[in-house]
Amino acid sequence: MAEIILSLSDVTKIYGKGETEVIALKDIDLVFEQGEFAAVVGPSGSGKTTLLNIIGCLDSPTRGELSWRGAPMKSMNRTQLAAYRRMHVSFVFQSYNLIPVLTVAENVEMPLLIEGMHDRTAIRERALSIVEMVGLSDKANRYPTELSGGQEQRVAIARALVKKPSIVLADEPTANLDSHTAGEIIKLMREINEKTQTTFLFSTHDPRIMELAQRVITLRDGQIERDERGAP
Amino acid sequence: MKASSSVLFRIAARNVLRHRRRTLITAIVLTVGIAVFIMFQSLLAGMDRVTIDTAIDYDSGSISLRSPGSDPLFKNIAIKEPKAIKDRLPALLPKGSTWTQRTRFYVQVSNWIDETPALAFAVEPEKDKEVFKTSSTVQSGAWVSPAKAVIGLDLAKDLGVRIGDLIAVTAILPDGSLNAIELEVGGIADLPLFSLSQQAIYLSAQDAEALVGAPLPVTEIDIRIPPASRLDTLVAQSDAAASALEKAFSVIEAMSIGEAMRDYLAMRNMKSKFAYIVVVIVLLISAVGIFNTVLMSMYSRIREIGVLAAYGLDPGQIKRLFSLEGMLIGIIGSAGGVLLGAVFVWWLTSRGIAFGGMFGNLDLGNLPKNLLIKGEWNPLAFIQSFSFGVLVSWLASLMPARKASHIEVTEALRFV
């Protein structure tokens, strides 16, 4: 059995107060192992993004506990949570969120610089090898505005992978892409998952993408409706 | 490990360069303000220099020894034993100092038709040249010699006399009687101070003795100490030497150039404060601009802040990133100001501004006629204005930077 890297215990997230109170997540218990390729699915408003945000420590649960390799994270302050994200987590966003003034290679280098890596040559070499892995070697010196949506998302994946995170959280990574490109992106993520044993957790509406996931967690009204592990 | 300051600096620099026009417009206010401040300070220093130098060169030297309590312009109180004092000066003054004695007294000068009051200076013709530059202003004729006097250009015009003309000089003697001598106009001096040009008459000690009686009382011993490159140093050196002389000779008063020009120097400090008020106003305007620019930059990059935070940039680093951006704009603006200021000062020091024609025959008090103010290099003004510029920019960016560091990551990532 693979190592458990992340566990959520009785996690509840409530937005607002009184009459405006919205329960985004309710009593979520989940465990993730190293190397999983899991999808979170469900209709809009079911709590997919909230779940990913809490796992990525971008948001904190109202109740319940999140543990990283057995260590509880409840008492961490903003700076400690930033350090957790810096060391263990990467993100792929629906709208790519590349930094427009940086080239492809520089965007990919960014997490390494934030991490505090100093060796410029090593940083560039590592970034270029990841850029090559996502098939954009010839675009390394281009700016995001010169790329197609699919290419931008590949850069975002490269950026997420460059620092060798334990887990990549992807919030609807294919929502802005056509079905063919979306398929390619998910296949790429799956390949990398198999190759590097990086855990991938992504939210999606797309049934074809769900088919590629090893595990599908279905949310409805903030609660886990199903948690199925499959073969792919 | 986390991102080092150099990484934050690189990201900040990229962002500053990303909006070149915005950065340039913000920085340009700072540039112009700092350049004007530096130029203003240079001009003020140049004006001070020309004023003090004129006083030293033509009126009182760096230090003037007089009898205590005497008003040098209106009472002629003789210094007791001037020779004994002069003999001790070499041991008390900085090396390279020179001195001369003068007798200053009021006279009436007549061209035999009209008569006008004048201020006579009995001088040691050769020694006087070591302290004063009066002899070099003689535009026609020659410097003082027995029976030949030098008079100011405006006084000559007033009396309608030329070189070689005879004039009568009348003085009131200590017993109240009058005595007069006849002198030839040996030289006409275009003296830079209006008061001297209109009133001064220079004559030899022998002629003065013939006029007021021997031995000629000495009313002042004027000293020139070696020049200092900076005015403040010169004034300080003159004050220190004067203080040492007063201690050594309790029976005389040593008036330093700083003391002689006390009113002027007080006004100078006021002018300097005014220059600071100008720079504070400019910096405040710049601060508003930088505040606005950093705030705009923050709002236009909220999603980017979200991404950086998601990837582990902590709130303190985000704050540093934005304050660095403000500081960088400050550095660009201030460096531009210092460079532009240096160009202005170079122009001022090499060409100067001629104010003479601007005032015509107006008496400018301590300022010379044909006033040409040349700028002075003042490294402190460069350092101060650059530092203030950067500091104010940094301070102005702190509030928007703090705001950026407090943005919730999830909200920032949702921001459209």
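You'll find chain A entered in an unreviewed UniProt entry as ABC transporter domain-containing protein, with uncultured spirochete given as the organism. Looking at chain A in UniProt, the text filed under Sequence similarities (unreviewed entry) is "Belongs to the ABC transporter superfamily. Macrolide exporter (TC 3.A.1.122) family."

S.K.: What exactly am I supposed to notice about the overall build of chain B here?
M.R.: Within chain B, the regular secondary structure consists of 15 helices and 12 strands. Taking 22 Å as the expected radius of gyration for a compact globule of 416 residues, we find that chain B reaches 31 Å, considerably beyond that expectation. Along the first, second and third principal axes, the C-alpha set of chain B runs to 100 × 45 × 30 Å. Considering only contacts in chain B between residues 6 or more positions apart, those separated by 24 or more positions represent 81%.

S.K.: Would you mind showing me how to read the sheet that holds strand 9 (residues 215–220) of chain A here?
M.R.: Hydrogen bonds between backbone groups are what pair the strands of a sheet, and the pairing can be parallel or antiparallel. Residues and elements named next belong to chain A. Spatially, the 6 strands line up as an open sheet ordered 6-7-8-3-9-10, and their pairing is mixed. The open sheet has two edge strands, strand 6 (89–92) and strand 10 (223–229), and neither has a second partner. Here the strands of the sheet are splayed against their neighbours by 20 degrees on average, with no regard to which way each runs. Inspection of the sheet shows strand 3 (residues 37–41) paired to strand 9 by 4 bridges, in the parallel sense. Pairing of Val-41 across the sheet is with Thr-218, part of strand 9.

S.K.: Got a minute to help me understand helix 1 (residues 48–55) of chain A in this structure?
M.R.: Note: α-helices contain 3.6 residues per turn, so residues at a spacing of three or four share the same orientation. Residues and elements named next belong to chain A. Most of helix 1 sits inside the fold, with 8 of its 8 residues counted as buried. Among the residues of helix 1, Lys-48, Thr-49, Thr-50, Leu-51, Leu-52, Asn-53, Ile-54 and Ile-55 are the ones counted as buried. One or two steps after helix 1, the chain reaches Cys-57, where phi turns positive at roughly 60 degrees.

S.K.: How should helix 8 (residues 231–248) of chain B be read in this particular structure?
M.R.: Residue and element names in this part refer to chain B. Helix length check: helix 8 (18 residues) gives 26 Å between terminal C-alpha atoms against 26 Å at 1.5 Å per residue, within 8%. Among all positions of helix 8, only Leu-231, Leu-234, Val-235, Gln-237, Ser-238, Ala-241, Ala-242 and Leu-245 are buried. Take helix 8 and look down its axis: the buried residues cluster within an arc of 165 degrees, on one side only. Helix 8 presents Thr-233 and Lys-247 as exposed residues on the side facing more than 90 degrees away from its buried surface. Tucked inside the fold, the buried residues of helix 8 contact helix 2 (20–60), strand 1 (63–66), helix 3 (82–92), strand 10 (253–256) and helix 9 (257–260).

S.K.: Looking at this structure, I do not really get the interface of chain A and chain B. What am I missing?
M.R.: Size of an interface: often given as the accessible area lost when the parts come together. Residue-level contacts link 23 residues of chain A with 23 residues of chain B. Contributions of two or more residues to the side of chain A that touches chain B are made by helix 2 (78–88) and helix 3 (104–115) of chain A. When residues in the side of chain A that touches chain B are grouped by element, the largest group, 6 residues, is from helix 2 of chain A.

S.K.: I'm lost on the nonpolar core in this one. Help?
M.R.: One broad trend across soluble globular proteins is that nonpolar side chains are buried collectively. Residues A:Leu201 and B:Ile201 are the most contacted members of the largest nonpolar core, which totals 184 residues. Here this core takes 15 residues from helix 2 of chain B, the largest share from any one element. Not counting the four nearest positions on each side in its chain, A:Leu201 is found in contact with A:Phe32, A:Ala38, A:Val40, A:Leu52, A:Ile55, A:Ile167 and A:Leu169.

Cut-offs applied
- Residues numbered from 1 in each chain as written.
- Chains lettered and ligands numbered in written order.
- Predicted model: local features only at pLDDT ≥ 70, side-chain atom pairs only at ≥ 80, totals over all residues.
- UniProt positions renumbered as here; feature names shortened; annotations may be inferred.
- Helix = DSSP H or I, 4+ residues; strand = E, 2+ residues; numbered from the N terminus.
- Rg over C-alpha atoms; globule rule 2.2 N^0.38 Å.
- Contact = placed C-beta atoms within 7 Å.
- Pairing = 2+ DSSP bridges.
- Axes fitted to C-alpha atoms, helices over the stretch in contact; angles between N-to-C directions.
- Buried ≥ 20, exposed ≤ 12 C-beta atoms within 10 Å, placed from the backbone.
- Expected span 1.5 Å × (residues − 1).
- Arc of directions from axis to C-beta.
- Core = buried A, V, L, I, M, F, W, Y, C linked by C-beta atoms within 7 Å.

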